[in-house]
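Fold and geometry: a report
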Amino acid sequence: TTNWKPLRVLTRIGTSPACGHMKIPTMKKLLLLSASFCVIAGSASAVILAEYTFDADSYGPSTTATGIEGSNVTGGSGLSTSPVLSGTGNPAKSIAPQGLSSTSEADAVAANDYIELKITADSGYTLSFTSLDIDLQRSNDQSATNWFIRSSLDSYASTIDSITSIATSPSAFASYTIDLSDAAYQNLSGEVTFRLYGYGAVGENPSLRQDNITFNGSAAIPEPSSTATLFLGAAAVTALLRRKARS
């Protein structure tokens, strides 16, 4: 009779006849490794997206985040002249749109009394806003007393926020923060244009100095499908193990 010997099954995790005693990750480890691809792909941290200080005699941004572009600041047709760079700023220069003599928000919108700038996410990036920081100065009693902001996301139909009854301050700027954390300003692709309006000024060529216009938020490479990323990660790890096994 034939003496059958039981086949000894290797039950020790991490060993195999093909790989000797090389440790092979368990499924849990594979999933953890794969998940790291998701974290890397979708990670983002709060940064300055675009900042306009005007100190270098430029209408463009002095700072932009990776994956973000900022346009030059331009003026609406209602301004009496193109926006000018004032020699008074915080600390050096500021932008001073002139002709802000409308008497209400509605009139300022109808008259195109604004400066505007465009923030764009590069291809492959998404854009999320958290806030806008801005310094304003009403240098004399003829300057505009009110300021508000709108965006292209709703075709400039509604006001995001406003600052009213700005006090006269010949020697100092006042700092303000506008909340942009609304869901409408999260995970955007492409571009967003913001219009910064002023009204309530009197006299000839009245203005409102604006400086350190800073958009805060995050720019990220969109996260791929979690399932697809897990499979890609697992496939990469498996391929690496096979190469090691052959060597």
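Residues numbered from 1 in each chain as written. Predicted model: local features only at pLDDT ≥ 70, side-chain atom pairs only at ≥ 80, totals over all residues. Heavy atoms only, no water.

Okay, the pattern of salt bridges next. A full pass over the atoms with the stated rule returns four salt bridges. The salt bridge involving Lys93 is made with Asp57; its shortest N-O contact spans 2.1 Å. A residue pair is termed long-range when its members are at least 10 positions apart, and Lys93 in the loop between β5 (84–86) and β6 (94–96) and Asp57 in the loop between β1 (47–52) and β2 (63–64) qualify at 36 residues. A salt bridge links Arg150 to Glu105, with the nearest nitrogen and oxygen atoms 3.7 Å apart. Taken together, the residues span a long stretch of sequence, with Arg150 in strand β9 (residues 146–151) and Glu105 in helix α2 (residues 105–111) at a distance of 45 residues. You can call Arg150 buried: its relative accessible area is 11%. (Salt bridge = Lys/Arg side-chain N within 4 Å of Asp/Glu carboxyl O. Helix = DSSP H or I, 4+ residues; strand = E, 2+ residues; numbered from the N terminus. Buried < 20%, exposed > 50% of the residue type's maximum accessible area, 1.4 Å probe, protein only.)

On to the confidence of the model for the chain, then. With 72% of its residues at a pLDDT of 70 or more, the chain shows a mean pLDDT of 83. Confidence over residues 4–22 falls short of pLDDT 50; this stretch has 16 contacts with residues more than four positions distant or in other chains. In the model, residues 37–41 has pLDDT below 50 throughout and makes nine contacts with residues more than four positions away in sequence or in other chains. (pLDDT = per-residue confidence, 0-100. Contact = heavy atoms within 4.5 Å.)

All right, on to the side chain of Glu51 then. Its location among the elements puts Glu51 in strand β1. Buried Glu51, no salt bridge; nearest opposite-charge side chain is Lys93, N-O distance 17 Å. Within the local environment of Glu51, its side chain forms a polar contact with the side chain of Thr214, the two groups lying 3.4 Å apart. Among all residues touching Glu51, those that are not within four sequence positions of it are Pro61, Ser62, Thr63, Ile213 and Thr214. (Lys, Arg positive; Asp, Glu negative; His and termini not counted. Polar contact = N/O pair within 3.5 Å; in protein donor to acceptor, adjacent residues only side chain to side chain.)

In this section: the nonpolar core. By size, the foremost hydrophobic cluster in this structure holds 36 residues, and its most contacted members are Ile119, Phe129, Trp147, Phe194, Ile213 and Phe215. In this structure Ile119 touches Ala50, Tyr52, Ile68, Glu69, Gly70, Leu127, Phe129, Gly190, Glu191, Val192, Phe194 and Phe215, once residues within four positions along its chain are discounted. Membership of the second largest hydrophobic core comes to six residues, among which are Ala108, Tyr114, Tyr156 and Tyr197. (Core = buried A, V, L, I, M, F, W, Y, C linked by side-chain atoms within 4.5 Å.)

Pro91 follows Asn90 through a cis peptide bond whose omega is 15°. With respect to the helices, strands and loops of the structure, Pro91 is situated in the loop between β5 and β6. A positive phi angle, close to 50°, is found at Ser165, a residue other than glycine. Here Ser165 shows up in the loop between β10 (161–163) and β11 (174–179). One non-glycine residue, Asn187, lies in positive phi territory at about 55°. Considering the arrangement of structural elements, one finds Asn187 in the loop between β11 and β12 (191–199).

As judged from the five bridges shared by β1 and strand β13 (residues 209–220), these two strands associate in the antiparallel manner. Residue pairing in the sheet places Ile48 in a bridge with Asn216 of β13. Pairing of β1 with β2 involves two bridges; the strand directions are antiparallel. Residue Ala50 lies in a different strand from β2, and its bridge partner there is Thr64. (Pairing = 2+ DSSP bridges.)

Let us now look at the packing of aromatic side chains. Counted under the stated rule, the structure contains nine aromatic pairs. A centroid spacing of 4.6 Å and a plane angle of 0° characterise the contact between Phe148 and Tyr197, whose relative ring orientation is stacked. Here Phe148, found in strand β9, pairs with Tyr197, found in strand β12; they are 49 residues apart in sequence, far enough to count as distant. Classification of Tyr197 as buried rests on a relative accessible area of 1%. (Phe/Tyr/Trp six-rings, centres within 6.5 Å; stacked < 30°, edge-to-face > 60°.)

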